[in-house]
Every structure is written in structure tokens, then in C-alpha cells.
Amino acid sequence: MFSGKTEELIRRMRRAQFAKQKVEIFKPAIDVRYSEEDVVSHDQKHIQSTPIDSSASILLLSSDIDVVGIDEAQFFDMGLVDVCNELANRGVRVIIAGLDMDYKGIPFGPMPALCAIADDVTKVHAICVKCGNLAYVSHRKVQNDKRVLLGETQEYEPLCRECYQKALENEKSSE
């Protein structure tokens, strides 16, 4: 979180629109933090999108499309990998934004497999709010063991590996 993934997705999709390419942007229907329909970055940049519940919907809704954008890909099912491969094999450019790890530092959903099959991967990093180094993980600040917990700065903070380890130690000592 807080690294500019969605902002970069929006930038790339707008460039494709400017180039008169046919684009479609998808997001998980569960992500209603800023908008039920638009993909919105933390700094309020937005672009029209189609909320969906399943990766299979992408194939149904993307015929005759040049560029497909997918935001918050970590929340989709593993079928997203096959969907993206099929689109790419058809000649569709697929641009994906998502977290590669969850709040515990564990690879998240289809993201590892998507990174493996991607023609190109751009990994963007947030800045650790404690020391200013590159962030490693989005540390969850609230008590909740659910893997998927939509949130913002009240629930998460970007931390580097060292500050993350310190935060875990502090949490264990305060239990």
C-alpha cells in the first residue's frame, strides 16, 4: 500500500486511451473504499472501471479490447492467471496492479504466479513511515486476523523489513 500502484495503473490506462486504444479496467467488487465503480488512487486520481466478483468475468467483458487494466489483483481468485495468459495470447496488453504480499509478508493470492508469467514487472515501493527506507510490507496496525481487510492509513502503515520486525517484537511484548 501507499506505493503508487493504482496511480501508475491509472497513468498507463490514460496513456492507452490517449492513443485511441480500446481499454477496459476491472476491479474487485469488494473494493468500495473510495468508489463503488471507479478505480481511485490514494491521492484521488480516478478512472472508470467495471467492478467484478470473479476473474472469469474479465474474459466475458473484454472482447474487442486492446488494453485490460486490473486493480487490486491480489483479491481475485487464482483463475486470474489463466485469464491474463489467454488475454495476452490474444494480443491484449494486460496491466495489473496489486500487492505482492499480505500484512504478514506472505505472497498474496495470484500475484506470485502473475509476476512469474508477466512479460514485464514494475515493482513500486512505498516509503517506511518510521525510517524513510524502502518499505517491505504493509503492516497492519489494528487487531484483526482476517487476511483481507480493506483499509487505509488508520489500518496499515508501510514499513521496511527492520522496522516491521521491531513492530512485531513490540506487539509480542505488549500482549
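Before reading on, note that the structure itself is shown above.
First, a word on what this report is: a plain description of the structure on this page. (Residues numbered from 1 in each chain as written. Predicted model: local features only at pLDDT ≥ 70, side-chain atom pairs only at ≥ 80, totals over all residues. Heavy atoms only, no water.)

**Re the pairing of strand E7 (residues 137-140)**
Then step 1. Covered by surrounding structure in E7 are Val137 and His139 together with Ser138 and Arg140, the residues of both alternating faces.
Then step 2. In this structure, E7 lies alongside strand E8 (residues 156-159), joined through four bridges in antiparallel fashion. Looking at E8, one finds that His139 is bridged to Glu157. (Buried < 20%, exposed > 50% of the residue type's maximum accessible area, 1.4 Å probe, protein only. Helix = DSSP H or I, 4+ residues; strand = E, 2+ residues; numbered from the N terminus. Pairing = 2+ DSSP bridges.)

**Quick notes on the packing of aromatic side chains**
Then step 1. Evaluated as defined, the whole model comprises two aromatic pairs.
Then step 2. Relative to Phe108, the ring of Phe75 has its centre 5.9 Å away and its plane inclined at 85°; by these criteria the two rings are edge-to-face. Here the residue Phe75 occupies a position in the loop between strand E5 (67-70) and helix H3 (79-89), and Phe108 occupies one in the loop between strand E6 (93-96) and helix H4 (111-117), the gap between them amounting to 33 residues. Of the two residues, Phe75 and Phe108, neither departs from the other in class, the shared state being buried.
Then step 3. Ring centres of Tyr136 and Tyr164 lie 6.1 Å apart, and the angle between their planes is 50°; on these two criteria the pair is classed as tilted. Of this pair, Tyr136 sits in the loop between H4 and E7 while Tyr164 is found in helix H5 (residues 161-173), placing the two residues 28 residues apart along the sequence.
Then step 4. Across from the ring centre of Tyr103, 3.6 Å away, lies the NZ or CZ of Arg140, which sits over that ring.
Then step 5. Here Arg161 stacks its cationic end above the ring of Tyr136, 4.0 Å away from the centre of that ring. (Phe/Tyr/Trp six-rings, centres within 6.5 Å; stacked < 30°, edge-to-face > 60°. Lys NZ or Arg CZ within 6 Å of the ring centre and 35° of its normal.)

**Description of the sheet that holds strand E4 (residues 50-52)**
Then step 1. Pairing within the open sheet is parallel, and its four strands lie in the order E4-E1-E5-E6. Strands with a single pairing partner mark the edges of an open sheet, and in this sheet they are E4 and E6. For this sheet, the mean angle separating the axes of adjacent strands, direction not counted, is 25°.
Then step 2. Taken together, the three bridges between strand E1 (residues 23-28) and E4 define a ladder with parallel strand orientation. Counterpart to Lys27 in the pairing with E4 is Pro51.
Then step 3. Packed on one face of the sheet, helix H1 (residues 5-18) meets E1, E5 and E6 and runs near 160° to E5.
Then step 4. Here H3 sits on the sheet in contact with E5 and E6, set at roughly 145° to E6. (Axes fitted to C-alpha atoms, helices over the stretch in contact; angles between N-to-C directions. Contact = heavy atoms within 4.5 Å.)

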